Amino acid sequence: MKLMVVGGGGREHAIIKKLLENPAVDSIYALPGNAGMAKEAVCVGIKADDVPAIVRFAKETGIDYAVVAPDNPLVDGCVNALEAAGIPCFGPRAEAAIIEGSKVFAKDLMKKYGIPTAAYEVFRDPAAALEYVRSCPLPTVIKADGLAFGKGVIICMEREEAVNAVRSIMEEGQFGASGNSIVVEEYLEGPEVSVLVFTDGRTAVPMVSSMDHKRALDGDRGLNTGGMGAVAPNPYYTPAVAERCLREIILPTIDAMNKEGRTFKGCLYCGLMITKDGPKVIEYNCRFGDPETQVVLPLLKTDLLSVMRAVTEERLAELPVEWEDKYACCVVVASEGYPEAYQKGFEVRIPDALAPQVYAAGVAEKDGKLVNGGGRVLGCTALGSSLREAIDAAYRIAEQVAFEHSYYRKDIGARALRAQEEN
Ligand code: AMP
Ligand code: GLY
């Protein structure tokens with residue numbers, strides 16, 4: 001079989017490595033992929049958001065099955081277009097991907113169907129938004145409606161920050177049209193859990209839970225990033241919490257999407273906060289998370305391609321999906337300075353013995369060598385029979401692949417370890 005994976009980061013590398021475990025897979029094309037995954041995939045110079053070029057390539061190449069991983073092409077209807085061209089795919093259609101593409105849609109859906117989430121107001125008019133944030137309770141959280149490269153959420157501790165956030169999003173167009181509407185919501189507190197769910201619109205198969213580490217620096221300090229590391233499973237997602245989330249959040253969400261005529265098929269990402277009043281939805285994504293995928297998929301025992309095809313063909317109920325009874329940790333090695341400015345072009349070396357455990361993200365090729373070409377460069381994933389073992393093993397890999405002017409957090413998994421001890 002000839003497969004195609006749309007996207008080019010560590011998440012896509014993890015998906016590709018897992019798909020290759022199926023002996024029926026002859027080749028995988030990555031659009032655009034990156035130089036660090038060239039051993040596993042044929043990287044094609046087509047951008048992940050160029051839907052017409054993606055469809056043309058898939059038809060010309062005779063792709064048998066496609067996986068669309070990033071948010072932008074999903075929201076822009078890449079799956080609709082591939083399906084119309086007769087190519088079966090994994091991922092939601094645009095009408096379902098809106099669950100990530102519009103925060104206003106997601107909040108209104110949760111309100112309509114009684115799915116627990118932070119209380120909120122929607123504003124389309126900057127003057128009304130300004131008036132509201134001048135007297136709303138603090139802290140407050142301001143979210144641009146549309147996709148904003150993961151930067152559209154601003155937590156405001158002070159009044160002035162809230163006023164400035166409204167001005168920059170709605171008046172100055174910081175996130176372009178994504179900020180034409182905003183959500184202003186209640187600030188929630190509690191540990192966060194990422195739950196990725198395979199669903200074909202009928203059956204929900206939650207994957208092993210995970211914990212992202214979004215801030216750039218140790219101790220959850222510094223700027224928000226795309227994610228500096230992850231562990232799985234997440235100790236806050238106890239069997240009792242998992243049961244409650246399935247009943248109050250996951251199944252009702254899938255149901256709600258069906259009732260709205262927007263059946264969601266693919267990977268539904270539920271970003272949850274476990275508050276003192278119970279689990280609440282912080283955000284939905286219409287796709288696999290990054291770097292959560294780099295800890296979740298290595299724990300999947302069942303063949304990934306079989307699971308994905310069962311989703312596409314709406315027969316997920318027939319397929320038992322099994323997980324390793326282990327822990328996983330992923331440490332992201334980034335370019336020094338990320339998420340702000342950083343220098344590119346430093347050589348990146350991945351020893352052959354470690355390559356199976358390293359996921360390439362911001363990796364480019366220069367003069368026949370691999371170099372850093374992006375902010376998050378490598379994800380180093382290890383499994384262990386305890387969380388401690390997985391963390392230590394992931395750090396041993398990170399030490400060996402760290403390059404000149406790279407950095408990584410030293411405390412990935414520390415909070416999870418503390419939570420385990422407290423339980
Ligand atoms: P993202 O949507 O990935 O940019 O991330 C936003 C992050 O902001 C989440 O992971 C939370 O840590 C935080 N956040 C979002 N909404 C809220 C909220 N209502 N209360 C507290 N923190 C929030
Ligand atoms: N790790 C969070 C995300 O993928 O959006």
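Computed from a predicted structure; not experimentally measured. (Residues numbered from 1 in each chain as written. Chains lettered and ligands numbered in written order. Predicted model: local features only at pLDDT ≥ 70, side-chain atom pairs only at ≥ 80, totals over all residues. Heavy atoms only, no water.)

A few points about the site of ligand 1
Phase 1: Residues in close proximity to ligand 1 total 14 residues, the closest being E185, E186, L188, E192 and K214.
Phase 2: E186 is positioned such that a nitrogen or oxygen atom in its backbone is 2.9 Å from a nitrogen atom of ligand 1.
Phase 3: Separating an oxygen atom of ligand 1 from a side-chain N or O atom of E192 is a distance of 2.4 Å.
Phase 4: In isolation ligand 1 offers 490 Å² of accessible surface; the protein chains occlude 88% of this area.
Phase 5: The set of elements that each furnish at least two residues to the shell around ligand 1 consists of β7 (140-144), β8 (153-156), β9 (182-186) and β17 (278-285).
Phase 6: Partitioning the shell around ligand 1 into residue classes produces 7 nonpolar, 1 polar and 6 charged. (Near = heavy atom within 4 Å. Polar contact = N/O pair within 3.5 Å; in protein donor to acceptor, adjacent residues only side chain to side chain. Areas by Shrake-Rupley, 256 points an atom, 1.4 Å probe, with all protein chains shown as cover. Helix = DSSP H or I, 4+ residues; strand = E, 2+ residues; numbered from the N terminus. Nonpolar A, V, L, I, M, F, W, Y, C, P; charged D, E, K, R; others polar.)

A look at the environment of E313
Phase 1: Mapped onto the elements of the fold, E313 is located in the loop between α11 (304-312) and β18 (327-335).
Phase 2: With relative accessibility at 43%, the residue E313 sits in the partly exposed group.
Phase 3: Sequence separation between E313 and F90 is 223 residues, and the spatial gap between their C-alpha atoms is 9.8 Å. (Buried < 20%, exposed > 50% of the residue type's maximum accessible area, 1.4 Å probe, protein only.)

Regarding helix α12 (residues 387-401)
Phase 1: If you check α12, its first and last C-alpha atoms are 21 Å apart, about what 15 residues at 1.5 Å a residue would give, namely 21 Å.
Phase 2: Buried within α12 are the following residues: L387, A390, I391, A393, A394, Y395, I397, A398 and V401.
Phase 3: Residues of α12 that are buried in the fold lie against β15 (229-232), β18, β19 (358-360), β22 (376-384) and α13 (414-422). (Expected span 1.5 Å × (residues − 1). Contact = heavy atoms within 4.5 Å.)

Some remarks on the site of ligand 2
Phase 1: Around ligand 2, the neighbouring residues are D212, G226, Y269, N285, R287, G289, D290 and E292.
Phase 2: The side chain of R287 places a nitrogen or oxygen atom 2.9 Å from an oxygen atom of ligand 2.
Phase 3: Separating a nitrogen atom of ligand 2 from a backbone N or O atom of D290 is a distance of 2.9 Å.
Phase 4: Protein burial of ligand 2: of its 200 Å² of free accessible surface, 89% is covered by the chains.
Phase 5: In the shell around ligand 2, the residues fall into 1 nonpolar, 3 polar and 4 charged.

Looking at α13
An α-helical turn contains 3.6 residues, so a residue and the one three or four places further along point in the same direction.
Phase 1: Considered for burial, the residues of α13 that qualify are A416, L417 and A419. One face of α13 carries all of its buried residues, which in axial projection span an arc of 160 degrees. Set apart from the buried face of α13 by more than 90 degrees, the exposed residues are E421 and E422. (Arc of directions from axis to C-beta.)

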